[in-house]
Amino acid sequence: MAISRTVLITGATGAIGGALARDYACPGTRLILHGRRREVLDTLAAECRELGAVVEVSRIDLTDDQQLHPWLEALATRYLPDIVIANAGKNTQVGPQGALEPWQEVSDLLAINLRTPMAMASVLAPRMASRGSGQLVLISSLAAWHGLPITPGYSASKAGIKAYGEGLRGHLAPFGVGVSVVMPGYVRSAMCHAMPGPKPWLWSPERAARRIRTGVARNRARIGFPLLLNIGCWWLAVLPAAVSQRLLRLMGYGSHCS
């Protein structure tokens, strides 16, 4: 079977990552799926093969440069991906009585949410630029518009990857390489449900995957959804900070008090 497209997805054992893998799986597509949970990853790979895709899997530690860089360099030598979706990520939250997020959790979060996508781009983007084509897809969040009091570390990581992706897009555009920053709202998943606070306009992973794939195909700079929540979060960034923070408290996103 002739392969016309290679798609790399990290965090494939998560809700959005798995839905993306199934959405991209079809004859003529090679999927490179990375995930931490072996059984879930193997099951997902089997499902994608049944849909006609050629599938490879990996469970390396993405936060370890000694594993990540050689893996990416080997992939780029064999078949440089056409689409790279850096989807792996995690969350943490503040504690009661003014306690911040545990520092080790914040450090681990920054490593996977921010540092890993940047490390992936550092290896793959120059090769894509030399080829003259490719698409990098970086997963941010609507929390990047204005930090949430209940998850400041997560918000910071997502604001950082948003800024990096926007800068990278401008840098790589003349070389034929696209960069899309995905800014989801609430998508049904274990990580989403573990987060405190209300979850308006909750989407299914399958709906989110379809929106992401459509935006990537059109090389959208930002792929934000759902629309009303995206607009509301954008206004939080535009309004004076005191007003935005008061609105967040009124909506139930204030810090824990007990």
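Computed from a predicted model, the values in this text were never measured in an experiment. (Residues numbered from 1 in each chain as written. Predicted model: local features only at pLDDT ≥ 70, side-chain atom pairs only at ≥ 80, totals over all residues. Heavy atoms only, no water.)

Draft legend 1. Spotlight on the overall build of the protein chain. From N to C terminus, the protein chain includes nine helices and seven strands. Relative to the globule expectation of 18 Å for 258 residues, the C-alpha radius of gyration of the protein chain, 18 Å, shows essentially globular dimensions. Seen through its principal axes, the protein chain has C-alpha atoms that stretch 60 × 40 × 35 Å. Expressed as a percentage of its 258 residues, the buried residues of the protein chain come to 49%. Across the protein chain, the centroid of the 27 positively charged side chains sits 9 Å from that of the 16 negatively charged ones. (Helix = DSSP H or I, 4+ residues; strand = E, 2+ residues; numbered from the N terminus. Rg over C-alpha atoms; globule rule 2.2 N^0.38 Å. Buried < 20%, exposed > 50% of the residue type's maximum accessible area, 1.4 Å probe, protein only. Lys, Arg positive; Asp, Glu negative; His and termini not counted. Charge placed at Lys NZ, Arg CZ, Asp CG, Glu CD.)

Draft legend 2. Representation of the nonpolar core. Core analysis: the largest hydrophobic core is formed by 31 residues, its most contacted members being Leu8, Leu68, Trp71, Leu72, Leu124 and Leu136. Elements with a minimum of two residues in this core: α3 (65-79), β4 (83-86), α4 (103-131), β5 (134-139), α5 (152-172) and β6 (177-184). Per-element accounting of this core gives the leading share, 10 residues, to α4. Setting aside residues up to four positions removed in sequence, Leu8 forms contacts with Ile32, Trp71, Leu72, Pro81, Ile83, Val84, Ile85, Met120 and Leu124. (Core = buried A, V, L, I, M, F, W, Y, C linked by side-chain atoms within 4.5 Å. Contact = heavy atoms within 4.5 Å.)

Draft legend 3. Representation of the pattern of salt bridges. Throughout the structure, instances matching the rule amount to seven salt bridges. Between Asp82 and Arg131 there is a salt bridge; the shortest N-O distance is 3.8 Å. Here the residue Asp82 occupies a position in the loop between α3 and β4, and Arg131 occupies one in helix α4, the gap between them amounting to 49 residues. On the basis of relative accessible area, Arg131 is assigned to the partly exposed category, the value being 35%. Here the salt bridges do not stand alone but share partners, grouping Lys162, Glu166 and Arg222 into one network. (Salt bridge = Lys/Arg side-chain N within 4 Å of Asp/Glu carboxyl O.)

Draft legend 4. Region of the structure containing unusual backbone geometry. The amide bond that connects Phe225 to the next residue, Pro226, takes the cis arrangement and shows omega of -5 degrees. Structurally, Pro226 is set in the loop between β7 (222-225) and α8 (227-238). Of note, Gln97 is a non-glycine position whose phi angle comes to about 55 degrees, a positive value. Its location among the elements puts Gln97 in the loop between β4 and α4.

Draft legend 5. Molecular detail of the packing of helix α1 (residues 15-24) against helix α2 (residues 38-50). Relative orientation of the contacting elements α1 and α2 amounts to 20 degrees, with a least axis distance of 9 Å. Looking at the two axes, α1 sits roughly parallel to α2. Crossing of α1 against α2: the hand is right-handed. On α2, the residues touching Gly18, Ala21 and Arg22 of α1 are Leu44, Glu47 and Cys48. Split by residue class, the contact of α1 with α2 holds three nonpolar, one polar and two charged. (Axes fitted to C-alpha atoms, helices over the stretch in contact; angles between N-to-C directions. Parallel < 35°, antiparallel > 145°, perpendicular 65-115°, else oblique. Left-handed = near helix turned anticlockwise from the far one by under 90°. Nonpolar A, V, L, I, M, F, W, Y, C, P; charged D, E, K, R; others polar.)

Draft legend 6. Spotlight on the sheet that holds strand β1 (residues 5-9). Within the open sheet, the seven strands sit side by side as β3-β2-β1-β4-β5-β6-β7. Their pairing is parallel. The open sheet has two edge strands with one neighbour each: β3 (54-58) and β7. If you compare each strand with its neighbour and ignore which way they point, the axes differ by 15 degrees on average. Of the strand pairs in this sheet, β1 and strand β2 (residues 29-34) are connected by five bridges, and their pairing is parallel. Note on β2: the bridge partner recorded for Leu8 is Ile32. (Pairing = 2+ DSSP bridges.)

Draft legend 7. Region of the structure containing the pairing of β4. Of the two faces of β4, the one holding Ile83 and Ile85 and the one holding Val84 and Ala86 are both buried throughout. In terms of strand pairing, β1 meets β4 through three bridges, oriented parallel. Residue Ile9 lies in a different strand from β4, and its bridge partner there is Ile85. Where β4 and β5 come together, four bridges link them in parallel fashion. Within β5, the residue paired with Ile85 across the bridge is Val137. Note on the crossover from β4 through α4 to β5: the handedness is right-handed. (Right-handed = clockwise from strand over helix to strand, strands pointing away.)

Draft legend 8. Looking closely at a nonpolar patch on the surface. A surface patch of nonpolar side chains, amounting to about 750 Å² of accessible area, comprises Trp201, Leu227, Leu228, Ile231, Trp234, Trp235 and Val238. The topology assignment puts Trp201 in the loop between α6 (190-194) and α7 (205-217). On the basis of relative accessible area, Trp201 is assigned to the partly exposed category, the value being 48%. (Patch = residues over 30% accessible without salt bridge, like charges linked within 9 Å, V, L, I, M, F, W, Y side chains within 5 Å. Areas by Shrake-Rupley, 256 points an atom, 1.4 Å probe, with all protein chains shown as cover.)

Read these as geometric descriptors, not functional statements.
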